[in-house]
Structures are given as C-alpha cells and as structure tokens.
Amino acid sequence: MISDSTALDSAFLALADPVRRSIIARLSRGPATVNELAEPFEISKQAVSKHIQVLEQAQLVTRTRDAQRRPVHLNPARLEALTAWIDQYRLVREGQFRSLDAMLQSSAGQRGAKAKEQ
Amino acid sequence: MSNSLKLSVPEGLPFIDYEREFDFPVADVFRAHKEPDLITQWLGPRGMKMEMDHYDFRSGGTYRYVHTGPEGVPYEFRGIFHTVRENEFALQTFEFGGYPDVVSLEFMTFEDLGGGRCRLRGHSVYPSLEARDGMAQSGMEGGMTEGYERLDELLSAAKV
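Residues numbered from 1 in each chain as written. Chains lettered and ligands numbered in written order. Predicted model: local features only at pLDDT ≥ 70, side-chain atom pairs only at ≥ 80, totals over all residues.

Caption draft 1: Layout of the overall build of chain B. For chain B, the count of helices and strands is four helices and eight strands. Seen in sequence order, chain B has helices and strands lined up from the N terminus as β-β-α-α-β-β-β-β-β-β-α-α. Residues classed as buried in chain B amount to 26% of the 160 residues present. Sequence separation of 24 or more characterises 39% of the internal contacts of chain B that already satisfy a separation of 6 or more. (Helix = DSSP H or I, 4+ residues; strand = E, 2+ residues; numbered from the N terminus. Buried ≥ 20, exposed ≤ 12 C-beta atoms within 10 Å, placed from the backbone. Contact = placed C-beta atoms within 7 Å.)

This is how it looks when you write it as structure tokens:
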C-alpha cells in the first residue's frame, strides 16, 4: 500500500483550507454555480473561483457544461478514497506540520518585531 | 505555497516513512521538537488538552504526555530519547498507553537545505505489520482525533 501519489497530496492540500471545506460541505447538498457558492463568503467571486479551481485540480469537484451555468458537482468517490486509515494518518500529520508552520511563523514574526525594536 | 507531506507505507514491511520541508531554518524546526512549551503548541490536536508530564529531549532523556479529549478520556504517550543530536538527528521510542508494550522506534533526520529552509525526514519502525496498522489507527484516537473529525464531517456531509 503506497499512498504518496501526487493526486492524494493535492486532495489533502485542497482540504486544508477552511473556505474550500465549506464549499465541499455546501456541494454535498447538491450542485451549485460559482455565484451560489460565493454567496456565504465575504470574499470576491474571483477568489471563490480560484478555490474551486484548486478543488477541481484535486479532482474533488467537477464542472459540467450546462448552458451558461456550469454548475460545480462534488466528486464523492474522491472523498471516499481518503478514508483508508493511512490517509487519516496523513491528514493528522499534515495538520501537525501545518500547526508547526504556524507556530514557527508567529515566533519568527515576534523575533522580527524584537529585532526592529532594538 | 504550502509544503506537502510525502508519506510512504510500504507493503509487507512494518515501516512508515515521511518527508516534509519547512520554510524555516533547521535550528527553528529542531527547537520546536526540543522545547516542551513549543511542542504543546503544535503536536497536540486542536480540541484536545495536551498535558506535558515531562519531556527531556536529549540522549537518554524520557518523555510522557497525555492528550485529553472533550469527553475527558485521557490518552497517554511515553518513551525514551535514545539519541538526540542538535539540529541533525533524533531517535526515540514511542508507546501509546492504549496499546501497552507495542513500542515503535521513531527516527527523525533534520536536514539544512540552505536559504533558511530545511527538510524533516521520519522513519517509524513497528514490531509487526499488525502493530503498525493497529497502532496508527488507535494512536489516532488519542493523538489524531481532529483528522478523523474533519474527515467524518466531510464524509457525512457528502452522504446527505
């Protein structure tokens, strides 16, 4: 069982973002257009489009040509593929290292601020 | 752009290997593994209280910490640091209290990549394949609940 495919990496990176997780949650109730998906967020439609692109590249969502609407659909098979224990292990490790990044970022910021004070 | 985690779980061998780069100097990442005050800021899952009993990150030192979930269930982890070399290498044992005597070896290599970046490589060795799969699974109950919750949330949403 090897689980280091680029596809999985991109799926986990895609799901690491809270906006993208909300989009996935919304899509679980049925397909939606970019406009509909953008509604609950206080960010621009372009930003939401970018999030959708990331999800699309990770194969978590697909878009169909439905005249002008181009609704976004969830790809449940992709989500199901993340359920093996090793993927949960990965999700957790990923989470830990993201917390580590955040912690290092904030302590680097503090050091920077101190350096400026001196 | 975030650095992604490379993970490999070989078939038929009780190992887990991972690799992760950081946009921070090797000394910072090493320090984040060394100082208990820093460890508690990133190792424990959110939503769980991480209580550090002791954590002595040097050759021959020992550690013990407890994660407590929202329902008050404690998950104990403990082990010994066999070898620690500053900014370079660490080898420790790791035991989850829920699986007594099933101890893994955790090799960690810290590598300076220059330009203020570094790479962390991990190699976990379990006593058996069953231990690897079982421990990784139940170890997650304590240390890794957040990942489960997040995934459960997504999956249950997807099924509605």
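Caption draft 2: Spatial organisation of the sheet that holds strand S2 (residues 15–22) of chain B. Residue and element names in this part refer to chain B. Read from one edge of the open sheet, eight strands run S1-S2-S8-S7-S6-S5-S4-S3, paired in antiparallel fashion. What marks the edges here is a single partner per strand, and that holds for strand S1 (6–8) and strand S3 (49–55). Each strand of the sheet is rotated relative to its neighbour by a mean of 20°, with strand direction disregarded. One ladder, built from six bridges, connects strand S5 (residues 74–85) with strand S6 (residues 89–96); its direction is antiparallel. Bridge assignment links Arg78 to a residue of S6, and that residue is Glu95. Along the sheet, helix H1 (residues 26–34) makes contact with S2, S6, strand S7 (103–114) and strand S8 (117–125), crossing S7 at roughly 155°. (Pairing = 2+ DSSP bridges. Axes fitted to C-alpha atoms, helices over the stretch in contact; angles between N-to-C directions.)

Caption draft 3: Representation of helix H2 (residues 18–27) of chain A in the model. Every buried residue of H2 of chain A is accounted for by Arg20, Ile23, Ile24 and Leu27 of chain A. Taken down its axis, H2 of chain A places every buried residue within 100° of arc, on the same side. (Arc of directions from axis to C-beta.)

Caption draft 4: Quick peek at the confidence of the model for chain A. On average, chain A scores 78 in pLDDT, and the residues at 70 or more come to 74%. By mean pLDDT, the top-scoring element of chain A is helix H4 (residues 45–57) of chain A (92), and the lowest-scoring one is helix H1 (residues 6–15) of chain A (72). (pLDDT = per-residue confidence, 0-100.)

Caption draft 5: Structural context of the pairing of S5 of chain B. Residue and element names in this part refer to chain B. Here seven bridges tie strand S4 (residues 62–68) to S5, and the two strands are oriented antiparallel to one another. Residue Val66 lies in a different strand from S5, and its bridge partner there is Glu76. As consecutive antiparallel partners, S4 and S5 are separated by five residues, and within that stretch Gly72 has a phi angle of approximately 85°, a positive value. Where S5 folds back on S6, the antiparallel hairpin that results is connected by three residues, among which Asn87 adopts a positive phi of roughly 60°.

Caption draft 6: Seen up close, H1 of chain B. Within the sequence span of H1 of chain B, burial applies to Val26, Val29, Phe30 and Ala32 of chain B. On an axial view of H1 of chain B, the arc spanned by its buried residues comes to 155°, and they lie on one face.

Caption draft 7: Quick peek at unusual backbone geometry. Even without glycine at this site, Gln59 of chain A takes up a positive phi of about 65°. Structurally, the position occupied by Gln59 of chain A is in the loop between H4 and strand S1 (61–63). One non-glycine residue, Asn87 of chain B, adopts positive backbone phi at about 60°.

Caption draft 8: The arrangement of the environment of Leu129 of chain B in detail. Residue and element names in this part refer to chain B. Mapped onto the elements, Leu129 comes out in helix H3 (residues 129–143). Judged by local crowding, Leu129 falls into the partly exposed class, with 14 C-beta atoms found within 10 Å. Sequence-wise, Leu129 and Pro14 are 115 residues apart; in three dimensions their C-alpha atoms are separated by 4.6 Å.

Caption draft 9: Here's a closer look at the nonpolar core. Residue and element names in this part refer to chain A. Ile52, Leu55, Leu60 and Val61 are the most contacted members of the largest nonpolar core, which totals 21 residues. Among the elements of the structure, H1, H2, helix H3 (34–38), H4, strand S2 (72–74) and helix H6 (85–117) are those that each provide at least two residues to this core. Shared between two domains, this core holds at least three residues of each, these being domain 1 (1–82) and domain 2 (84–118). If sequence neighbours within four positions are ignored, Ile52 has contacts with Ile23, Val34, Leu37, Val61 and Val72. (Core = buried A, V, L, I, M, F, W, Y, C linked by C-beta atoms within 7 Å. Domains from an automatic or database assignment.)

Caption draft 10: The packing of H2 of chain A against H4 of chain A, seen in detail. All names here are of chain A. Two elements in contact, H2 and H4, have axes separated by 10 Å at closest approach and are oriented at 75°. Relative to H4, the element H2 is oriented roughly perpendicular. Facing H2, whose interface residues are Val19, Arg20 and Ile23, H4 presents His51, Ile52, Val54 and Leu55. Grouping the constituent residues of the contact of H2 with H4 by class yields five nonpolar, one polar and one charged. (Parallel < 35°, antiparallel > 145°, perpendicular 65-115°, else oblique. Nonpolar A, V, L, I, M, F, W, Y, C, P; charged D, E, K, R; others polar.)

Caption draft 11: Summary view of the pairing of S2 of chain B. All names here are of chain B. Only one face of S2 is covered, namely the face carrying Ile16, Tyr18, Arg20 and Phe22; the face carrying Phe15, Asp17, Glu19 and Glu21 is uncovered. As paired strands, S1 and S2 are joined by three bridges and run antiparallel to one another. Residue Lys6 lies in a different strand from S2, and its bridge partner there is Glu19. Hairpin connection from S1 to S2: six residues lie between these consecutive antiparallel strands, with Gly12 at a positive phi of about 80°. Pairing analysis gives eight bridges linking S2 to S8, with the strands arranged antiparallel.

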